[in-house]
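If you want the building blocks of each chain, they are given just below.
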Amino acid sequence: MFVNKEIIVNEINSLNKAFFELSDQVFKLSDSEDLKKIYVLTNELQRYIEKHIKLEEDFMEKINMPNMQSHIIQHKFFVQKINEIKHELEYKNTFVLNNLSTFLKKWHILHINTSERQYKEILYKDR
Ligand SMILES: [Fe+2]
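Description of the structure in this document. Since the structure is predicted, the reported quantities are computational estimates derived from the model, not experimental observations. (Residues numbered from 1 in each chain as written. Predicted model: local features only at pLDDT ≥ 70, side-chain atom pairs only at ≥ 80, totals over all residues.)

Check the secondary structure of the protein and you find four helices and zero strands. Principal-axis analysis of the C-alpha atoms places the extent of the protein at approximately 50 × 25 × 20 Å. Across the 127 residues in the protein, those meeting the buried criterion constitute 13%. Across the protein, the fraction of contacts at a sequence separation of at least 24, relative to all contacts at a separation of at least 6, is 76%. (Helix = DSSP H or I, 4+ residues; strand = E, 2+ residues; numbered from the N terminus. Buried ≥ 20, exposed ≤ 12 C-beta atoms within 10 Å, placed from the backbone. Contact = placed C-beta atoms within 7 Å.)

Structure follows, in structure tokens:
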């Protein structure tokens, strides 16, 4: 099946850039009681993961990516985590910012740096 690698690489790079910008905004929030701002950022993170899932899961399916299920489980975990954080915000839990920051750092290391490397090797192999 035809996969336009250039388009996929560009889209992945642009999604990762969006993720890093959102993460930076979360890390810079010094006032953990600014719940409205955290809520806006969690909504943007939700839109980020929806695009991330659509792009990657379509692509991984097309190339029959080995171990695709473990990558998909991580996507589901991100969705679940953001939903939990939004739920905590409804109860004005002021510890939510720490929770979100820690989760985003782990996502960077374990998902973007590690899991994505598996399909990037396939993508870059023939470039
Ligand atoms: Fe992913």
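With that settled, consider the nonpolar core. With nine residues, the main nonpolar core is built from Ile38, Leu41, Leu45, Ile85, Val96, Leu97, Leu100, Leu104 and Trp107. Counting residues per element, the ones that place at least two in this core are α2 (35-62) and α4 (96-125). Sorting elements by how many residues they give to this core places α4 first, with five residues. (Core = buried A, V, L, I, M, F, W, Y, C linked by C-beta atoms within 7 Å.)

The next subject is the packing of helix α3 (residues 68-90) against α4. Taken N-terminus to C-terminus, the directions of α3 and α4 make an angle of 170 degrees; their axes are 11 Å apart at the nearest point. For the element pair α3 / α4, the angle class is roughly antiparallel. Judged by residue contacts, His71, Gln74, Phe78, Lys81, Ile85, Glu88 and Leu89 of α3 engage Val96, Asn99, Leu100, Phe103, Trp107, His111 and Ser115 from α4. Split by residue class, the contact of α3 with α4 holds seven nonpolar, five polar and two charged. (Axes fitted to C-alpha atoms, helices over the stretch in contact; angles between N-to-C directions. Parallel < 35°, antiparallel > 145°, perpendicular 65-115°, else oblique. Nonpolar A, V, L, I, M, F, W, Y, C, P; charged D, E, K, R; others polar.)

The next subject is unusual backbone geometry. We note that Asn64 has phi near 55 degrees; this positive angle belongs to a residue other than glycine. For Asn64, a count of 8 C-beta atoms within 10 Å translates into the label exposed. Phi is positive for Asn67, which is not a glycine, with a value near 60 degrees. Locating Asn67 in the fold gives a position in the loop between α2 and α3.

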